[in-house]
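What follows is each chain in one-letter form.
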Amino acid sequence: MCIENDPRQRRDHRSGTSGRHVAPLIALAAWFSIGADCQLGGIQQLTLTPNPGNNLAAVIAFETSVAVTPKVTVIGPDGSWVVPSSGILSTAPGTAHEVMVLGLKAEAHYAFTVADADHRLVPDSSLTYDSGPLPADFPEIEIRVSHPEARNPGFVLVVDNDVASLKSWLIVLDEQGAPRWYWSDDVTVNEGTTGIRRLANGEIALLTYDWTRVRFVDPLGRVRELVAKDIGLDNVHHDLARMPGGHLLTVSTELRAISGFPGEPGPLNIAGDVLSELTPAGDIVRQWRLLDILDPHRLPFPQDSHFWDRAYPGVTGIKDWGHSNGLFHDDSDDGLVVSSLNQQLLFEIDAKTSKLRWVIGGNDPDTSGDDAWPFLARVGSGKTSTRHHSAQVVDGRYLFTYDNGNGPGGSRGWGVDLNPAARTYSEVFSWKDPAYDPPVTTPIGGDCDALANGNVLVFDATARFDGQGGQRLTEVRSSDGAKVFEAIFPGSASFNVDPIPVDGGVVPTEGSPREAALYPAIQ
C-alpha cells in the first residue's frame, strides 16, 4: 500500500529522530510526490461483462495510470480464490487490463477485489455480480447419488446432444454435479458433438458427427475449426487424444482397393484407419496407417455397412475395416493406445517404430498376418471385452476401457493390469451397476476413466435404463464398487467424457488449485 512509503514515518539514522523533525520541507515535498504516484496508480473504469451465452464466465476490465500486473480475487458462496495468471487476457504489466473469470455457479452472488500483484495500488472491492439462472433450455440433469466428499477433486466435461431440440451442449460439472461452465450450439442432426478433449491451452477440441471437422471452443466460447479435407485428411472420426507440446492425435480413414480375400474375385474397398499427430494449426507431424501395421485381410466382424458412404460418395461396398473409436497417447513411452471396434482389438503402437507392443484380442483363424502379433493372454478370473469404446493407460501399466457388451448381460467399465513382458494381462476392475435390472446397456459410445484418488468414472453414452433412453455419468470406488455420484441426462446421447483434475494435467501452479483447473495451463 502507498502509505507504507510515507516518508513521515522514516527514521533519520544519523540523528535517531523522525525525518520530519530534521527536514520537514523535504519530507513534505516527498509526501506529495508519493501521493501523486498513488493517485496515478489508482484503478479506474472498472467493469464486469458477463460472457455472452454463458453467464458462469465473465471478463473484468479496468485501467491504471501506471503499468502493473493485475490481481483479481473472487469471493463467492464457496469462499475466495485468486484468478491465475493464465486468466489475464491483456498484456501484463500494462495499463489496460482484462481478466477472465471462470467457474462461477448459477444463481449466486459474487464480489471481486481488484488489485495488482505487487501491492502498489489501493484495492477496489466495489465490484459485484449476480450470475442469474441457467438458460431456460439448459439440459435436464438428474442427480441420483451425490457424495462430494468421496469424489475425486475436480471437474468433468460432458456433452449433451439433445435429440429433441438438435442442440449440442458442452457442460463442465463440479463434484456436486453443479454446472460451472457451458457452451451450446444449434446443430443439424448430422453435426452433433462426438469425441471431446480439453487441451492444455484451455480449448475444448470436439468432433462433429458428420466427421468433417474438429472444432475448438475456448473458455470464452470463441470457436475455430480445422476442416479435415483442408488439412489433407479424408475425415476425422470418433475420438481425439492429447499429445505433448499441445499436439493432437486424431483418427481418420483412407480408402484402399485390396485384393486377395478368399472367395473374392477382385479387390475390396477397405476403409482403413489413419492416426495423425497434428499441431494446433492443423499441420500433420506424423502419421500411422493401420492397414500397414495390422493385417488388412483380417475381417473378424461383419463389416458390410453404409457407414462410410457419405465420406466416399459414389463408392459402393466399402468395408468398415477398423472403426477405431478410442485413442490415448502414453506420454511415458510415446505409445499410441487404440480401441478398434471392428477389429475387436485393443493395442499399443510404438510411435517411433510403428511396431505393436501388445494386443488384447483374438488371433483370427482365417488369416495368418496376425499370427506373430504380441497377443496378451488373460490370467485369473474375468471376461475379455470384444466390443469396446475408449482407451486409457495409467502409470504405463493399467488399461481402462468401456465394454459395451451389446447383449443381455449389459455394459461395464473394465480395467486390466498389463504385463507385456510376460504376454499376459489380468482384470483389476469390472463394474456394472447392480441397482438396475435389466442391466444398463450402451450400444454406441461409452467411456471409462481411472482417477487419481482410486475412483473410476463410468460413462454410459447412449444407454437404456428405467425404460428410457439417455446418458449416465457415474463415479465409483474401485475398491468396493460403491457409487459416490450418479447423474442422468434424459433424452441425450453423446460419446465420451473428459475429467479435469485439480492435481495434474492442465492444472496451473498458482491461485486456487480447484477453480484454477478450469484455466489454461501456465506455460
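Residues numbered from 1 in each chain as written. Predicted model: local features only at pLDDT ≥ 70, side-chain atom pairs only at ≥ 80, totals over all residues. Heavy atoms only, no water.

Here's the deal with the nonpolar core
The tendency in soluble globular proteins is for nonpolar side chains to be buried as a group.
Consideration 1: Among the nonpolar cores identified, the biggest contains 58 residues, and Ile60, Phe112, Leu170 and Leu473 are the most heavily contacted of them.
Consideration 2: No other element matches strand S4 (residues 54-68), which puts seven residues into this core.
Consideration 3: When near neighbours in sequence (up to four residues on either side) are disregarded, Ile60 contacts Leu46, Thr47, Leu48, Val72, His97, Glu98, Val99, Val101, Phe112, Val114 and Leu127.
Consideration 4: With 26 residues, the next largest nonpolar core counts Val251, Trp288, Leu336 and Phe375 among its residues. (Core = buried A, V, L, I, M, F, W, Y, C linked by side-chain atoms within 4.5 Å. Buried < 20%, exposed > 50% of the residue type's maximum accessible area, 1.4 Å probe, protein only. Helix = DSSP H or I, 4+ residues; strand = E, 2+ residues; numbered from the N terminus. Contact = heavy atoms within 4.5 Å.)

Brief notes about the sheet that holds S4
Consideration 1: Taken together, three strands build an open sheet; the order of strands is S3-S4-S7 and the sheet is antiparallel. The sheet is open, and its two borders are formed by strand S3 (43-51) and strand S7 (94-101), each paired with just one other strand. Each strand of the sheet is rotated relative to its neighbour by a mean of 20°, with strand direction disregarded.
Consideration 2: Pairing of S3 with S4 involves seven bridges; the strand directions are antiparallel. (Pairing = 2+ DSSP bridges. Axes fitted to C-alpha atoms, helices over the stretch in contact; angles between N-to-C directions.)

Observations regarding the pattern of salt bridges
Consideration 1: This structure, assessed with the given rule, holds 36 salt bridges.
Consideration 2: A salt bridge links Glu254 to Arg289, with the nearest nitrogen and oxygen atoms 3.1 Å apart. Pair noted here: Glu254 is in strand S19 (residues 248-258) and Arg289 is in strand S21 (residues 284-289), with a separation of 35 residues, a long-range link.
Consideration 3: By relative accessible area, Glu254 is classed as buried at 12%.
Consideration 4: The closest approach of N and O atoms between Arg514 and Glu515, which form a salt bridge, is 3.2 Å.
Consideration 5: The buried category is assigned to Glu515, whose relative accessible area is 6%.
Consideration 6: One connected set of salt bridges, linked through shared partners, spans Asp174, Glu175, Arg180, Arg514 and Glu515. (Salt bridge = Lys/Arg side-chain N within 4 Å of Asp/Glu carboxyl O.)

With respect to unusual backbone geometry
Consideration 1: The step from Ala92 to Pro93 runs through a cis peptide bond, and the omega angle for that step is -5°.
Consideration 2: Mapped onto the fold, Pro93 is located in the loop between strand S6 (79-82) and S7.
Consideration 3: Cis geometry marks the peptide bond from Asp437 to Pro438; its omega dihedral reads 5°.
Consideration 4: Turning to its location among the elements, Pro438 is positioned in the loop between strand S31 (424-431) and strand S32 (447-450).
Consideration 5: A positive phi angle is found at Trp211, which is not glycine, with a value near 65°.
Consideration 6: Mapped onto the fold, Trp211 is located in the loop between strand S15 (204-208) and strand S16 (213-217).
Consideration 7: Look at Trp211 and you get buried, because its relative accessible area is 5%.
Consideration 8: Positive phi outside glycine occurs at Asp395, with the angle close to 55°.

Describing the environment of Ser390
Consideration 1: Structurally, Ser390 can be placed in strand S28 (residues 388-394).
Consideration 2: Accessibility expressed as a relative area gives 4% for Ser390, which makes it buried.
Consideration 3: Separated by 56 residues in sequence, Ser390 and Gly446 have C-alpha atoms that sit 6.9 Å apart.
Consideration 4: Polar side-chain contacts of Ser390 include one of 3.4 Å to the backbone nitrogen of Tyr402. (Polar contact = N/O pair within 3.5 Å; in protein donor to acceptor, adjacent residues only side chain to side chain.)

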